[in-house]
Protein chains: 2
Amino acid sequence: MKKALILLGCPESPSQTPMAVYAAQKLAKMDYDVTVASTPSASKLLEVSDPDEYYIKNKTDIESCLDGLELNQYDLLVGFAHKDAAASYFITFYHILQCEAIALVFEKDPELLEEFENMVAENTNAKIVAVRAFHNPTPLRVKFDRVLEEL
Amino acid sequence: MKKALILLGCPESPSQTPMAVYAAQKLAKMDYDVTVASTPSASKLLEVSDPDEYYIKNKTDIESCLDGLELNQYDLLVGFAHKDAAASYFITFYHILQCEAIALVFEKDPELLEEFENMVAENTNAKIVAVRAFHNPTPLRVKFDRVLEEL
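Below you will find a few notes about this structure. (Residues numbered from 1 in each chain as written. Chains lettered and ligands numbered in written order. Predicted model: local features only at pLDDT ≥ 70, side-chain atom pairs only at ≥ 80, totals over all residues. Heavy atoms only, no water.)

1. A few points about the overall build of chain A
Turning to step 1, where the next piece is worked out: If you tally the helices and strands in chain A, you get six helices and six strands.
Turning to step 2, where the next piece is worked out: Element order for chain A, N to C, with α for helix and β for strand: β-α-β-α-β-α-β-α-β-α-β-α.
Turning to step 3, where the next piece is worked out: Its C-alpha radius of gyration of 14 Å places chain A within 12% of the 15 Å reference for a compact globule of 151 residues.
Turning to step 4, where the next piece is worked out: Once the C-alpha set of chain A is aligned to its principal axes, its extents read approximately 35 × 30 × 30 Å.
Turning to step 5, where the next piece is worked out: Within chain A, buried positions represent 55% of all 151 residues.
Turning to step 6, where the next piece is worked out: Long-range pairs, those at least 24 residues apart, make up 74% of the contacts in chain A with a sequence separation of at least 6.
Turning to step 7, where the next piece is worked out: Working note: accessible area of chain A is about 6,400 Å², and carbon and sulfur atoms make up 44% of it.
Turning to step 8, where the next piece is worked out: Between the averaged position of the 14 positive side-chain charges in chain A and that of its 24 negative side-chain charges there is a distance of 7 Å. (Helix = DSSP H or I, 4+ residues; strand = E, 2+ residues; numbered from the N terminus. Rg over C-alpha atoms; globule rule 2.2 N^0.38 Å. Buried < 20%, exposed > 50% of the residue type's maximum accessible area, 1.4 Å probe, protein only. Contact = heavy atoms within 4.5 Å. Areas by Shrake-Rupley, 256 points an atom, 1.4 Å probe, with all protein chains shown as cover. Lys, Arg positive; Asp, Glu negative; His and termini not counted. Charge placed at Lys NZ, Arg CZ, Asp CG, Glu CD.)

2. Here we look at the pattern of salt bridges
All names here are of chain A.
Turning to step 1, where the next piece is worked out: Going through the model one piece at a time under the given rule, you end up with six salt bridges over all chains.
Turning to step 2, where the next piece is worked out: The closest approach of N and O atoms between Lys26 and Asp145, which form a salt bridge, is 3.6 Å. Of this pair, Lys26 sits in helix H1 (residues 16–29) while Asp145 sits in helix H6 (residues 138–149), placing them 119 residues apart in sequence.
Turning to step 3, where the next piece is worked out: When its relative accessible area of 13% is taken as the criterion, Asp145 is described as buried.
Turning to step 4, where the next piece is worked out: Note that Asp145 and Arg141 form a salt bridge whose closest N and O atoms lie 3.5 Å from each other. (Salt bridge = Lys/Arg side-chain N within 4 Å of Asp/Glu carboxyl O.)

3. Some thoughts on the interface of chain B and chain A
Turning to step 1, where the next piece is worked out: Between chain B and chain A, the residue contacts involve 31 residues of the former and 31 residues of the latter.
Turning to step 2, where the next piece is worked out: Taking both sides of the interface into account, the surface hidden between chain B and chain A amounts to around 2,500 Å²; carbon and sulfur atoms contribute 62%.
Turning to step 3, where the next piece is worked out: Linking chain B with chain A are two salt bridges, by the criterion used here.
Turning to step 4, where the next piece is worked out: Of the charged contacts, one joins Asp52 of chain A and Lys29 of chain B as a salt bridge, the two residues approaching to 3.5 Å between their closest N and O atoms. (Buried area = accessible area lost by both parts, 1.4 Å probe.)

4. Quick look at the sheet that holds strand S4 (residues 76–80) of chain A
Residues and elements named next belong to chain A.
Turning to step 1, where the next piece is worked out: Read from one edge to the other, the open sheet built from six strands follows the order S3-S2-S1-S4-S5-S6, with strand pairing classed as parallel. Only two strands of the sheet have a single partner each, and these edge strands are strand S3 (58–61) and strand S6 (127–132). Pairs of neighbouring strands in the sheet enclose a mean axial angle of 20°, with direction left out of account.
Turning to step 2, where the next piece is worked out: Relative to S4, strand S1 (residues 2–8) is paired through four bridges, and the arrangement is parallel. Paired with Ile6 across the two strands is Val78, which belongs to S4.
Turning to step 3, where the next piece is worked out: Against the sheet, H1 touches S1, strand S2 (32–38), S4 and strand S5 (100–107), its axis set at about 175° to S1. (Pairing = 2+ DSSP bridges. Axes fitted to C-alpha atoms, helices over the stretch in contact; angles between N-to-C directions.)

5. Focus on the pairing of strand S4 (residues 76–80) of chain B
Residues and elements named next belong to chain B.
Turning to step 1, where the next piece is worked out: In terms of burial, S4 is a largely internal element, five of the five residues being buried.
Turning to step 2, where the next piece is worked out: Of the two faces of S4, both are covered, the one formed by Leu76, Val78 and Phe80 as well as the one formed by Leu77 and Gly79.
Turning to step 3, where the next piece is worked out: In the sheet, S4 pairs with strand S5 (residues 100–107) via five bridges, with the strands oriented parallel. In the sheet register, Phe80 faces S5, and the bridge partner there is Leu104.
Turning to step 4, where the next piece is worked out: This β-α-β element, S4 to helix H4 (residues 84–97) to S5, shows right-handed connectivity. (Right-handed = clockwise from strand over helix to strand, strands pointing away.)

Quick look at the structure:
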């Protein structure tokens, strides 16, 4: 079974937790064994968002996950990169894993959006889903679906 | 079977969608038939957040719900009131339904928090769960659980 890792940084955006659940469900349907690595605050929101652990079976702390991370441990990396710190995490995980990768970049501010998108593009060969979005998840969801079809 | 209505306004806060799912799950476990009435943007986030409709079975648009609303149609009203518009919706629904009601008031800014709390307190006899919160849902969850135990 292929393994996917979803990376969640600080959950400032109202779209992050819902989109994380959505991504986990989609990848599980594509037969990936899915793990979500997140910061403590993102993790609390996930717990509240999926109280029966119906969508997300495997959760881990982003720092301990990074400590034990090895080349080829996962087949797919999906990272939410809507902050400096989140984009940095994605780039770090990408270079250790060296696997197929998708970065979800979303921001209200078009200049910040471009900055995070460039940061990921200059430092990785990940597929990038960049959307000017805050609380409407639809453009992000549609573009993410399209990238998954190309995998 | 008792019927509960959960009201969702504009989803600016990252806690709203996760807490809406949490509230729906808790109330369903308490044998309520739960309906969620929400604005279009809140509804899109809910769909992404629960793609298999595992937690939320009944969804409706907040405006059409209001149009058909009648006295005693629901036994419990739970409203997220973290904006002017959301607090106004809650007050309007409260006075039509005249049922037991819980307002969840959360805001980063302590002055706005107090303003929304006072707005609900002056206009309804609802139980109020007011928490200074943005992306940590735990204080809101803990206080909400406590209020549910008193029902």
